[in-house]
Structure formats: structure tokens, C-alpha cells
Amino acid sequence: MFSKFLEMDTTYPTQLRDFPEWHKGIKHYGFWAIEVSSKTCREEIDKHKAYFAGKLHPGYSRQPHVTLAASGLLSDTHCNQALIIKQVKQLNENAIKAFSLKLSHCNSFSVCPYLSVLDPQNNLNAIRECLTKTAEKNNPENYTPHVTLGFYDKAYATTNIVNKMSNFDSKDIEFMVKEIVFAQYETKDVQGPYQVLHRIKLADVNA
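Residues numbered from 1 in each chain as written. Predicted model: local features only at pLDDT ≥ 70, side-chain atom pairs only at ≥ 80, totals over all residues. Heavy atoms only, no water.

Trainee: Run through the pattern of salt bridges, naming residues and quoting values.
Mentor: Inspection of the entire model under this criterion finds six salt bridges. One salt bridge connects Lys39 with Glu43, and the closest N-O pair in it is separated by 2.5 Å. Residue Lys39 and its partner Glu43 are located together in helix 2 (residues 39-52), separated by four residues, close to a single helical turn. Residue classification places Glu43 among the partly exposed residues on the basis of a relative accessible area of 37%. A salt bridge links Glu179 to Lys201; the nearest nitrogen and oxygen atoms lie 2.9 Å apart. Here Glu179, found in strand 7 (residues 179-186), pairs with Lys201, found in strand 8 (residues 194-201); they are 22 residues apart in sequence, far enough to count as distant. Judged by its relative accessible area of 18%, Glu179 is buried. Sharing partners across several salt bridges, the network here consists of Glu35, Glu179, Arg199 and Lys201. (Salt bridge = Lys/Arg side-chain N within 4 Å of Asp/Glu carboxyl O. Helix = DSSP H or I, 4+ residues; strand = E, 2+ residues; numbered from the N terminus. Buried < 20%, exposed > 50% of the residue type's maximum accessible area, 1.4 Å probe, protein only.)

Spelled out as C-alpha cells, the structure:
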């Protein structure tokens, strides 16, 4: 389960600063996501955040979510309004039905620990195929659905992180997905909250 993470010797600390060399003055970055807002899921996420707090930057305020597709910097020359509206239309035309996911065990990327999200019916890839028709360059094929817990503040030995994860008793929590959102966050704040711009309601599973 941790084999890919253990290929690295240490985690990679995130710098909490503005990155103008990346955003070139563009104020917002956009992405498609599923919000994780059920009480039970939020409690589990908060428990994990508290458990890892000593190794993460304080102040991570991005709401729990599962990223579906990264749309990119929001501007006329990058991800523009016409492209977003086209994606909204594609999703509505597909009439996607509500489905369930499972919030699961803890794992880690080089920059952040996360809670895995299980998708036994492969609904996420179907949605991504719909979205990435217009945003392929921002979305690698190696997709790992997850909920980020925060960013590492220092370089920690990956073996120590895995030991810490193994000592936490995680449990699978099923939750329903009833809508998909398009959101944006301010590029100057790597830990800041996002703002929802579009909500796509999914069809009733019994319809």
C-alpha cells in the first residue's frame, strides 16, 4: 500500500509563499471536484488532521474534496469561461446518476498525507473522461482519488511517516455523491479555501 511513497527517502516540504513565476499574475486556479461534507466523513478527516498536525503546516483551510480534474489558471489564454461552460454542458447532457464512494485508509504523496477514496464502480474515471476532453494536459493518467489532509512543513523520513500511519486505526466510510462542483482558489494562497462557481446536480439513482 505504501510502496510508491517509500520509493522516496523523505517527504517534500511545501513553501508557503506566493508563486508569481507560476501564475504570472492570474488570480484564480480552477478545478472540478466532489465535496466531502457528510458529518461522519468530516469527523474522520479532522481526526487524521489532528493526528498529523505536528508534521503539517498550520492553517490549511481548503475544504475537504476529491479533485476530479484540474482545469488550470482561469484566464482568457488558459482556462476560459467558454471552456468551463462547455464542460458544464457536457456533464448535464450525460445525466450522471448519484453514486457512492468510500473514504478509506491513509496514505501519502511526497508533499502531503491524504485519505484514499475508493470507487468500486469506477464512476470517477467515467466523469473524468467527460471532463478531460478539454483539459487533458492538466490531468495525468495516473489518477489517485483522495482527500488532502494538509502539507508537510519539513522533510521527514518516509519510513517514519508510514509507521505513524500504520499506528492509526482508519475505517472505511461510505458517502453519497449527489453533485459535482467547479471551484476556484486564489493562486497566491496555496492553503486557502476554494469558492464554488458551478454546481451540477446528479440524477436520482432511482429515477
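Moving on from the coordinates now.
Trainee: Describe the pairing of strand 7, with residues and values.
Mentor: Where burial is concerned, most of strand 7 is hidden: seven out of the eight residues are buried. Pairing of strand 1 (residues 28-35) with strand 7 involves six bridges; the strand directions are antiparallel. Bridge assignment links Phe31 to a residue of strand 7, and that residue is Ala183. One ladder, built from seven bridges, connects strand 7 with strand 8; its direction is antiparallel. Residue pairing across strands places Val181 opposite Arg199, the latter belonging to strand 8. (Pairing = 2+ DSSP bridges.)

Trainee: Could you give an account of the packing of aromatic side chains, with specific residues and numbers?
Mentor: In this description, a pair of aromatic rings is defined by centroid distance and the angle of the planes. The full count for this structure, using the stated rule, is ten aromatic pairs. Plain terms: the ring middles of Tyr152 and Tyr156 are 6.3 Å apart, the flat faces sit at 65 degrees to each other, and that makes the pair edge-to-face. Like Tyr156, Tyr152 is buried. Among the aromatic residues, those joined into a cluster by ring pairs are Trp22, Tyr29, Phe31, Tyr185 and Tyr194. Positioned over the ring face of Tyr143 is Arg128, at 3.9 Å from the centre of the ring. Here the guanidinium or amino end of Lys164 rests over the ring plane of Tyr51, the centre of that ring lying 4.1 Å away. (Phe/Tyr/Trp six-rings, centres within 6.5 Å; stacked < 30°, edge-to-face > 60°. Lys NZ or Arg CZ within 6 Å of the ring centre and 35° of its normal.)

Trainee: Tell me what's going on with the confidence of the model for the chain, and back it up with residues and numbers.
Mentor: Looking at the chain as a whole, the pLDDT averages 92, with 95% of positions reaching at least 70. At the low end of the mean pLDDT range in the chain sits helix 3 (residues 81-94), at 90; at the high end sits strand 5 (residues 146-148), at 98. (pLDDT = per-residue confidence, 0-100.)

Trainee: Residue-level account of the sheet that holds strand 3 (residues 99-108), with values.
Mentor: Here four strands make up an open sheet; going across it, the order is 5-4-3-6 and the pairing antiparallel. Because the sheet does not close on itself, it has two edges, and the strands there are strand 5 and strand 6 (173-177). The sheet shows a mean angle of 35 degrees between the axes of neighbouring strands, direction not considered. Pairing of strand 3 with strand 4 (residues 113-118) involves five bridges; the strand directions are antiparallel. Looking at the pairing, Leu103 lines up with Val117 of strand 4. Across the sheet, helix 2 is in contact with strand 3, strand 4, strand 5 and strand 6; its angle to strand 3 comes to roughly 5 degrees. (Axes fitted to C-alpha atoms, helices over the stretch in contact; angles between N-to-C directions. Contact = heavy atoms within 4.5 Å.)

Trainee: Just give me the short version of the sheet that holds strand 7, but keep the residues and values in it.
Mentor: Two strands in a sheet stick together by hydrogen bonds in their backbones, pointing the same way (parallel) or opposite ways (antiparallel). Taken together, four strands build an open sheet; the order of strands is 2-1-7-8 and the sheet is antiparallel. The two strands at the open ends of the sheet, each matched to only one other strand, are strand 2 (65-73) and strand 8. Going across the sheet, the axis of each strand differs from the next one's by a mean of 25 degrees, ignoring polarity. In this structure, strand 1 lies alongside strand 2, joined through seven bridges in antiparallel fashion.

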